[in-house]
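# Structure assessment
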Amino acid sequence: MYPFIEREPGYVVAKFPDLIEAKVVSRPNRFMVKAMVDDKEVDVHIHDPGRLEELIFPGNSILIRETNGTKTHYSVTFCKNGDIWTFNDSRYHSGIASMFIQEGWQREVKVGNSRLDFRLNNAYIEVKSATLVENRIARFPDAPTLRGKKHLETLMDLIASGYESFVLFLIFNEDAKCFLPNTARDPEFSHAYYSALEHGVKFQYLVFSSRGGEIVLKDSISMCNP
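Residues numbered from 1 in each chain as written. Predicted model: local features only at pLDDT ≥ 70, side-chain atom pairs only at ≥ 80, totals over all residues. Heavy atoms only, no water.

### Some words on the layout of surface pockets
Put simply, the largest pocket is a space of about 710 Å³. Surrounding the largest pocket, 25 residues form its lining, Pro49, Ser90, Ser129, Phe140 and Arg147 being those nearest its centre. At the level of secondary structure, the elements contributing two or more residues to the lining of the largest pocket comprise helix 1 (93-98), strand 10 (123-130), strand 12 (137-140) and helix 2 (146-160). If one sorts the elements of the lining of the largest pocket by residue count, strand 10 sits on top with five residues. Taken together, the residues of the lining of the largest pocket break down into nine nonpolar, eight polar and eight charged. Structurally, the lining of the largest pocket is a two-domain feature, drawing no fewer than three residues from each of domain 1 (14-87) and domain 2 (91-223). Looking at the second largest pocket, it is lined by 14 residues, and the ones nearest its centre are Glu6, Arg7, Gln204, Leu206 and Ser220. Of all elements in the fold, only strand 15 (202-211) and strand 16 (214-223) reach the threshold of two or more residues within the lining of the second largest pocket. Sort the elements by how many residues they give to the lining of the second largest pocket and strand 16 lands first, with three residues. Taken together, the residues of the lining of the second largest pocket break down into eight nonpolar, two polar and four charged. (1 Å grid on protein atoms, 1.4 Å probe; cavity = no way out; pocket = protein on both sides within 12 Å on 5 of 7 lines; lining within 4 Å. Points joined across faces, edges and corners; volume = space filled by probe spheres on them. Helix = DSSP H or I, 4+ residues; strand = E, 2+ residues; numbered from the N terminus. Nonpolar A, V, L, I, M, F, W, Y, C, P; charged D, E, K, R; others polar. Domains from an automatic or database assignment.)

### Here's the deal with the packing of helix 2 against helix 3 (residues 187-199)
Orientation of helix 2 relative to helix 3, taken along the N-to-C sense of each, is 15°, at an axis distance of 9 Å. Classified by the interaxial angle, the pair formed by helix 2 and helix 3 is roughly parallel. The handedness of the crossing between helix 2 and helix 3 is left-handed. For the pair helix 2 and helix 3, contact is made by Leu146, Gly148, Lys149, Leu152, Met156 and Ile159 and by Glu188, Phe189, Ala192, Tyr193, Ser195, Ala196 and His199, respectively. Tallied by class, residues from the contact of helix 2 with helix 3 come to eight nonpolar, three polar and two charged. (Axes fitted to C-alpha atoms, helices over the stretch in contact; angles between N-to-C directions. Parallel < 35°, antiparallel > 145°, perpendicular 65-115°, else oblique. Left-handed = near helix turned anticlockwise from the far one by under 90°. Contact = heavy atoms within 4.5 Å.)

Honestly, it's all geometry; don't read function into it.
Given below as structure tokens:
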């Protein structure tokens, strides 16, 4: 059973009506950005584990929203990337992914020592996200990820046990035309990715645009030709 739903381009997956433009000052740690809002420096939570070196740097524009965190009162929502905006809040990824999966799924399913995002009947689905695009090529990851490698190994083991395995990539950068693993940043994940392909893990890559506080489906892409 193919677990995914095909949606038409322009399908809206999220809306953020009340956004505030800010300028990055610094990123003191992976969860915090200091930013300027109307000449006032504020602490902003960032819920994205990537390095984001092309997005979070002094002077770059970000769009933030008010939130009720214990340490901050704002969250990074979109980051300026040249002429476009990318979506950078991983708390929404599972909800967005669920909009593209057939009904009847279970969320956060434990498999051995791993936890995968979804199960639908005989199929297991792991969700990954990317914003890094180089020369129109979407790249994942932008930093080494042992967890990502472990997920691929778990999906391969499931195939050996008679299940179907899928990875759904959510690419929040509309410039992406095709996908490749980021061998330069994480050769171990890249090796696991190609092994997963050989073992029968199936990959789906969805590209989204971010405009006016909305995130919309732009296209479905494929892996780049070697």
